[in-house]
Amino acid sequence: MTAETVARLHIVLNDIDPAIWRRVDMPVTASLKMLHDVVQAAMGWEHYHLWHFEAGDRRYGVPDPMWPDSGMAAAKNVKLAALVDRGVRELAYTYDMGDDWRHTITIETVGPGEPDVKYPRFVAGERRCPPEDVGGLPGYEMFLKAMADPTHEEHDRLRDWYGGPYNPDDIDERFTRRAVAAIAIRRHAGKVAYQKSRPK
């Protein structure tokens, strides 16, 4: 089995310190829709909201048929390799236009992957991403303060809303690794099925 070409991506959630980041290995033949799925899995988002990528002056996401002139290209039809070939080394990814979570995705390296590895693959990361619908950066800051202080007037309400304690330093690496691996397994199964369906 030949090794496929893989891009190592560094994903950072903007404007939060200390940084919430992930590093993943992504096959360049994957679509930007699959990259969206990987960002969701690696960061810990839950696919609840709209999203798009920006690279240079181009936007990629899920085009709205009501707005055919929006300039949004379908992410499912664009491969990561097309951006790499254009010399793109950095992408912006925005998730949830209300909370407005902006991520910077840097293409660190592009090269042959390991022959026996199913990609995409989670490599490393630090810190848990904010909860869905927490209210963007200001809401997240308030949430962190309230959750860390049992005497805070919002502590009990937010703990109930979140469903328990929240540790911003724990990314739950086992869960994250498995979430990204599930995408790799689905992709591998799709490739095997495609190969079997081709006429001999």
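Residues numbered from 1 in each chain as written. Predicted model: local features only at pLDDT ≥ 70, side-chain atom pairs only at ≥ 80, totals over all residues. Heavy atoms only, no water.

Draft legend 1. View of helix α1 (residues 32-43). Taking 1.5 Å per residue as the helical rise, α1 with its twelve residues ought to reach 16 Å, and the 16 Å between its terminal C-alpha atoms agrees with that figure. Counting buried positions over the twelve residues of α1 gives eleven, a clear majority of the element. Regarding α1, the residues found buried are Leu32, Met34, Leu35, His36, Asp37, Val38, Val39, Gln40, Ala41, Ala42 and Met43. After α1 finishes, the residue glycine 44 shows a positive phi value of roughly 100°. (Helix = DSSP H or I, 4+ residues; strand = E, 2+ residues; numbered from the N terminus. Expected span 1.5 Å × (residues − 1). Buried < 20%, exposed > 50% of the residue type's maximum accessible area, 1.4 Å probe, protein only.)

Draft legend 2. Highlighting the layout of surface pockets. If you add up the space inside the largest pocket, you get close to 380 Å³. Looking at the largest pocket, it is lined by 22 residues, and the ones nearest its centre are Gly44, Glu46, Arg128, Cys129 and Tyr162. For the lining of the largest pocket, the elements supplying multiple residues, two or more each, are α1, α4 (155-162) and α5 (173-197). With four residues, α1 is the single largest residue contributor to the lining of the largest pocket. Of the residues assigned to the lining of the largest pocket, the class counts are 14 nonpolar, three polar and five charged. When its volume is computed, the second largest pocket comes out at roughly 180 Å³. Forming the walls of the second largest pocket are Leu50, Trp51, His52, Arg59, Val62, Pro63, Asp64, Trp67, Ser70, Met72 and Met97. (1 Å grid on protein atoms, 1.4 Å probe; cavity = no way out; pocket = protein on both sides within 12 Å on 5 of 7 lines; lining within 4 Å. Points joined across faces, edges and corners; volume = space filled by probe spheres on them. Nonpolar A, V, L, I, M, F, W, Y, C, P; charged D, E, K, R; others polar.)

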